[in-house]
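The primary structure of each chain is shown beneath.
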Amino acid sequence: MTIPEMTLTALNVGRRQPLFSEPLSLSTSGGEIWAVLGENGIGKSTLLLTLAGLLPPLAGSVRLGDRVLHRARRRLVAREVGLLLQQPNLDFPFTVREAVGAGRFAHHSGWGAISAADRQAIDAALSDCDLIRLQDQPVDRLSGGEQHRVALATLFAQSPRVCLFDEPVNHLDLRHRARLMSRMRSLARDENRLIIMAVHDINMAARLADRVLLLYPGGGHDHGEARDMLTASRLQRVYDHPLRSVEWHGERLWVPELNHWS
Ligand SMILES: Nc1ncnc2c1ncn2[C@@H]1O[C@H](COP(=O)(O)OP(=O)(O)OP(=O)(O)O)[C@@H](O)[C@H]1O
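Every value quoted in this text rests on a predicted model; they were computed, and no experiment measured them. (Residues numbered from 1 in each chain as written. Predicted model: local features only at pLDDT ≥ 70, side-chain atom pairs only at ≥ 80, totals over all residues. Heavy atoms only, no water.)

**Student:** How should the overall build of the protein be read in this particular structure?
**Tutor:** Summing up its helical and strand segments, the protein has 9 helices and 12 strands in all. Computed over C-alpha atoms, the radius of gyration of the protein comes to 19 Å, within 12% of the 18 Å expected from 2.2 N^0.38 for 262 residues, which places it in the range of a compact globule. Along the longest, intermediate and shortest principal axes, the C-alpha atoms of the protein span 55 × 40 × 35 Å. Expressed as a percentage of its 262 residues, the buried residues of the protein come to 48%. Contacts in the protein between residues far apart in sequence, at least 24 positions, make up 64% of those at least 6 positions apart. (Helix = DSSP H or I, 4+ residues; strand = E, 2+ residues; numbered from the N terminus. Rg over C-alpha atoms; globule rule 2.2 N^0.38 Å. Buried < 20%, exposed > 50% of the residue type's maximum accessible area, 1.4 Å probe, protein only. Contact = heavy atoms within 4.5 Å.)

Right, dumping it as structure tokens:
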């Protein structure tokens, strides 16, 4: 029997108040891409911080394989779970290469020198995020999109089995968006990693996600196969706004109605 990658059991999350009106239970496997959709302030980032072990659950538990995440050693969690924050703080004078190298800390036994495997992981992450040309620049002098790519490369260098992304395409131009989406797909399909992403772009969820968690206003939620979750009535409930779908090369994409004020 294979052990699920991450299992949420009767989970509730929040800083002080629980954000879900009913506990959340679900189980995930390596190779899956999950999208979490919901309006501003509904709790997507709070959920991802809890799944990264950075906030304690208010109720229930998160298991990483057969371990309870919040009781596991921090270094082990850092090796196996990586989180791209929505607004990464890169306000320090490291070079791009040094900042991306920070993703390797959890793999070192102490303050040892960088190994050949570290160097290889850093080079691959820099290349994946189109940062080779910028690798010697100080990160605090990069543009918003370039800094975002540094944060992504740091996560890729960390190379965790569970990759949590909070708004992964924030600030990215079209080419870097498409590159990232392809990379995320290959992380799941070719490397069997679990991806959980919080996104406002429903079409990114429609194109990438196998499974979707919908967070409704009022604290309710639903989850399941993407094709069952991404329907006009469910999405209208999530966003309290009407949408239309369009068929495009066999894919269903979503467009919000304009001139509608609810
Ligand atoms: N540091 C904090 N301290 C206290 N409350 C917070 C903090 N960060 C967020 N919150 C509150 O927690 C709730 C959930 O916020 P969260 O950031 O998880 O929402 P979100 O779904 O990620 O929103 P968005 O789509 O705007 O990114 C909100 O009511 C928010 O005001």
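**Student:** Explanation requested: the sheet that holds strand β5 (residues 67–68) in the structure shown.
**Tutor:** Sheet strands associate in pairs through backbone hydrogen bonding, adopting either a parallel or an antiparallel arrangement. Taken together, 4 strands build an open sheet; the order of strands is β2-β1-β4-β5 and the sheet is antiparallel. Either end of the sheet is taken by a strand with one partner, and the two such strands are β2 (24–28) and β5. Sheet topology places strand β1 (residues 6–12) next to β2; 4 bridges connect them, and they run antiparallel. Note on β2: the bridge partner recorded for T7 is S27. Lying over the sheet, helix α1 (residues 44–51) contacts β1 and β4 (59–64), oriented at roughly 125 degrees with respect to β1. (Pairing = 2+ DSSP bridges. Axes fitted to C-alpha atoms, helices over the stretch in contact; angles between N-to-C directions.)

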